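# Structural features, examined
Spelled out from the first residue to the last, the chains are:
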Amino acid sequence: MPTDPNNDPYYRLRHSAAHVMAQAVLEIFPEGKIAIGPPIEGGFYYDFDLPRPLSPDDLEAIEQRMRRIIKGDHSFVYRVVSANEARDLFKDQAYKLELIDGLAQGQDEYGERGSSDTVISTYKHDTFEDLCRGPHLKSTGQIPVDAFKLTSIAGAYWRGDEHRPMLQRIYGTVWNSKDELDAYLWKLEEARKRDHRRLGKELDLFSVSEDVGPGLILWHPKGARIRVIAEDFCRQAHLDNGYEWVFSPHVGRAHLWETSGHLGFYSENMFASMNVEEEEYYVKPMNCPFHIQIYKSHLRSYRDLPLRYAENGTVYRFERSGVLHGLTRVRGFTQDDAHIFCRPDQVEDEISRALDFSLYILRSFGLSDFKAYLSTRPEKYVGDPAKWDTAVEALRRAVDQHAILYEVDEGGGAFYGPKIDLKVNDALGREWQLSTIQFDFNLPERFSMEYIGEDGQPHQPYMVHRALLGSMERFFGVLIEHYAGAFPLWLSPVQAMIIPITDRHIEYAESTADRLQAAGLRVGIDTSKDRMQAKIRRAQLQKVPYMLIIGDKEQSADAVAVRTRSGADLGAIAVDAFIERAQHEAAART
RNA sequence: GCCCACGUAGCUCAGUCGGUAGAGCACGUCUUUGGUAAAGACGAGGUCAUGGGUUCAAGUCCCAUCGUGGGCUCCA
């Protein structure tokens, strides 16, 4: 996402670095074509059409030339040109010519309708002149020569359109000082260390098997343990908050998906059908039609509403191969899905409750930094506009009441209804979409859903889809990265590892483990032949919250020597006292 | 799906100019029975992703397929 010159303090620096990089690339490839090169969060990029693919070695050569250009301290010179002058100046640059035509028609460089301001300008430094609005630094010498780095090469479609040529994009980063650059690179390294794919392997939480298929997750015992704890907690919370739990099958007949409309407009995201006894069946990409069938199994009265059906529904979606990513973008996943069916007079209360509940659940998992996105009616939509307005108002009032920061995405709703998405920032400040609360004016119509009102007449209920964690897979990925694998006690797959110092302590270790287990704690015993230090190291690397060391002293005192994963040595604590402490901590979910 | 890179032991990786496969960790056996982040010795472990091709000879070069990664596009 290109940044805005008005609120990005690095805009001039990064944009100038992009120009310098473009000059360096053109020096190496004089026949190369340049596209666009904006500053972005953390750095900049420039897109090129070059005669051959770039390799990482090229980046070094480009960096060298950039350093030379920076040291040359060439001024950035601004000038305004007419469209025809610009066309002449960039006559060999096809992409620039397309931009100039767009600018002449009041479009910005991304082909979007920009301001009516049709001034065409360029910035020139040294031998390189680029079509550009600026602003820039005064001269190339203001770029700190030791605070930039070209980071990667990627493919990118011209103007983001997959039907247009694939260009080569070079990403770089630049900062005001080497210290800033180092801090940025350190942060990247930290993010890499807590990458859920890496931790998933190191902590033995999950895997993906080539034989099973891409985007299909195998939950290992420790990962599954965390999921079971999370699911149990959420299921109980749903039951406590007015939801009814339901179960539905994984496949349904073609007719169901024709009625829902999925076969019409979602089929490219569905797994292929299977033929059973001359009938086509599809693996479900969504749970909604099933919950609707439960609703329709009776004639409903206005007195029955609201109905709130919740299910951890496993769905399969055929995602394009290039988009798959660890746990966060997969082909099979389990949604903590629920559908609320209600009367018009209940809409506002239901939305407010759903948002409230969502915040409660997410906070329970230690996530507290939220932002909401309210998406309103798009140009193409189904349903009654008056109902849309009611729905949008209900959503807006709910976010207002809960005092959450929110942005409005005008016209950003799905064709079937407006929605609120809740995004959370994790411990590294990265944003993840989790909860969604969406109205649906499409399915009640398609499935002819109704309830009998007070007036004895049939009415169409409001329908709301909502998922709080989103999918168990993605949420697990976010949790792993948020906690860097060091889960709070209540979620830790192994809460305490008992470490006998010698083999003669194993018997006492086992009886202690039994006591902890009977008290509801999840414990392991390291009976390997390693030395105590090695056992501690292993438990530490597995991020086990408590290490309980047992030797002669502890055995004779009915105690354990407690070490935390943060490295603190709490000394000997009586077994019963430790149990109480751990139970208390787990119950607090901190 | 598209561009680029990558795929060698369970894991992390090395492998030069094409000449019969290497390390550390993990694993097994033995010695050691220890006090807060790795004791020592020995051993086993590989159809170099898969399938073709070039070559006297392929982990290495070429092609295809599958998978992974960084992006792009997509995520009604």
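Coordinates for the structure precede this section.
Residues numbered from 1 in each chain as written. Chains lettered and ligands numbered in written order. Predicted model: local features only at pLDDT ≥ 70, side-chain atom pairs only at ≥ 80, totals over all residues. Heavy atoms only, no water.

Let us now look at the overall build of chain A. Within chain A, the regular secondary structure consists of 18 helices and 29 strands. Of all 590 residues assigned to chain A, the portion counted as buried reaches 50%. If you take every contact in chain A between residues at least 6 apart in sequence, the share linking residues at least 24 apart comes to 71%. Per element, the accessible surface of chain A, about 28100 Å² overall, is 49% carbon and sulfur. Charge separation in chain A, taken as the distance between the mean sites of 71 positive and 89 negative side-chain charges, equals 4 Å. (Helix = DSSP H or I, 4+ residues; strand = E, 2+ residues; numbered from the N terminus. Buried < 20%, exposed > 50% of the residue type's maximum accessible area, 1.4 Å probe, protein only. Contact = heavy atoms within 4.5 Å. Areas by Shrake-Rupley, 256 points an atom, 1.4 Å probe, with all protein chains shown as cover. Lys, Arg positive; Asp, Glu negative; His and termini not counted. Charge placed at Lys NZ, Arg CZ, Asp CG, Glu CD.)

Quick look at the sheet that holds strand 13 (residues 274-276) now. The strand order across the open sheet built from three strands is 12-14-13, with neighbouring strands paired in antiparallel fashion. The open sheet terminates on both sides in strands that have one partner only, identified here as strand 12 (251-253) and strand 13. This sheet shows a mean twist of 40° between the axes of neighbouring strands, independent of strand direction. Taken together, the three bridges between strand 12 and strand 14 (residues 279-283) define a ladder with antiparallel strand orientation. For Val-251, the partnering residue across the bridge sits in strand 14 and is Val-283. (Pairing = 2+ DSSP bridges. Axes fitted to C-alpha atoms, helices over the stretch in contact; angles between N-to-C directions.)

Before going further, it helps to spend a moment on the packing of helix 11 (residues 347-364) against helix 12 (residues 385-401). Packing of helix 11 against helix 12 leaves a shortest axis separation of 9 Å and a crossing angle of 45°. Between helix 11 and helix 12, the interaxial angle falls into the category oblique. Once helix 11 is placed against helix 12, the crossing between them reads as right-handed. Each of Val-347, Glu-348, Ile-351, Ser-352 and Leu-355 in helix 11 lies in contact with helix 12, whose residues at this interface are Ala-394, Leu-395, Arg-397, Ala-398, Val-399 and Gln-401. For the contact of helix 11 with helix 12, the residue count by class is seven nonpolar, two polar and two charged. (Parallel < 35°, antiparallel > 145°, perpendicular 65-115°, else oblique. Left-handed = near helix turned anticlockwise from the far one by under 90°. Nonpolar A, V, L, I, M, F, W, Y, C, P; charged D, E, K, R; others polar.)

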